Amino acid sequence: MRKDKKQVIGDEIGDEQIKLFLDFEPADATSPSLHKLIKAYRGLRIDDFERFLTFFLAAGLDLDGKDEQGKTFVELIRDQRNAPEYIELIEKARV
């Protein structure tokens, strides 16, 4: 596979399936916005996460929701291997 092509595993998912990640609610004091971002981060490929952010913002959710310790999504994932791509999408969504 060429270096400029990303491997796609599995079927493409539709908008309705991506919007299901907006339905997740936290079981603790974590912000509902943060909880939805984490679920989408864990469950969606980067391209699908980018589409999710469109629906997330349209729903009026907060990119800076915090967990019980006061950490945001970016702060929680910053040290993970794939984090830079996701953080870049979050920063672009802020504009």
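Counting starts from 1 at the beginning of each chain's written sequence and moves along it residue by residue. Owing to the predicted nature of the model, reporting of local features is limited to residues with pLDDT of at least 70; listing and counting of side-chain atom pairs is limited to 80 or more, with chain, interface and lining totals taken over all residues. Each side-chain value is worked out from all heavy atoms of the structure, with water and hydrogens disregarded.

Under an unreviewed UniProt entry, the name given to the protein is PA4642 family protein, and the source organism is Pseudomonas ekonensis.

Caption draft 1: The nonpolar core, seen in detail. To form a nonpolar core, buried Ala, Val, Leu, Ile, Met, Phe, Trp, Tyr and Cys residues must be joined to one another through side-chain atoms within 4.5 Å. Between buried and exposed lies partly exposed: a residue is buried under 20% and exposed over 50% of the maximum accessible area for its type, with that area taken using a 1.4 Å probe on protein chains only. Formed by 25 residues in total, the largest nonpolar core has its most connected members in Leu37, Phe49, Phe52, Leu53, Phe73 and Ile90. Each helix is a run of H or I in the DSSP string that is no shorter than four residues. Each strand is a run of E no shorter than two, and both are numbered from the N terminus. At the level of secondary structure, the elements contributing two or more residues to this core comprise helix H2 (32-43), helix H3 (46-58), helix H4 (73-77) and helix H5 (83-94). A total of 6 residues in this core trace back to one element, the largest contributor, which is H3. If sequence neighbours within four positions are ignored, Phe49 has contacts with Leu37, Ala40, Tyr41, Leu44, Phe73, Tyr86, Leu89 and Ile90. Throughout, a contact is declared for two residues whenever any of their heavy atoms are within 4.5 Å.

Caption draft 2: Layout of the packing of H3 against H5. The axes are straight lines fitted to the C-alpha atoms, using for helices just the contacting stretch, and the angles between their N-to-C directions are given from 0 to 180°. At a minimum axis distance of 10 Å, the contact between H3 and H5 shows a crossing angle of 30°. One way to sum up the angle between H3 and H5 is to call them roughly parallel. For the crossing formed where H3 meets H5, the hand is right-handed. Along the contact surface, H3 presents Ile46, Phe49, Glu50, Leu53 and Leu57, while H5 presents Glu85, Tyr86, Leu89, Ile90, Lys92 and Ala93. In this classification, the charged set is Asp, Glu, Lys and Arg, the nonpolar set is Ala, Val, Leu, Ile, Met, Phe, Trp, Tyr, Cys and Pro, and all remaining amino acids, among them Gly, are polar. Here the residues of the contact of H3 with H5 are counted per class, giving 8 nonpolar, no polar and 3 charged. Geometric relationships in this document are graded by angle, where less than 35 degrees denotes roughly parallel, more than 145 denotes roughly antiparallel, 65 to 115 denotes roughly perpendicular, and other angles denote oblique. The sense of a crossing depends on the near helix, which, turned anticlockwise from the far helix by less than a right angle, makes the crossing left-handed and, turned clockwise, makes it right-handed.

Caption draft 3: Summary view of the environment of Ser31. Within the secondary structure, Ser31 sits in the loop between helix H1 (15-19) and H2. As for Ser31 and Asp67, which are separated by 36 residues in sequence, their C-alpha atoms are 6.0 Å apart. What Ser31 contacts, discounting residues up to four positions off in sequence, is Pro26, Gly65 and Lys66.

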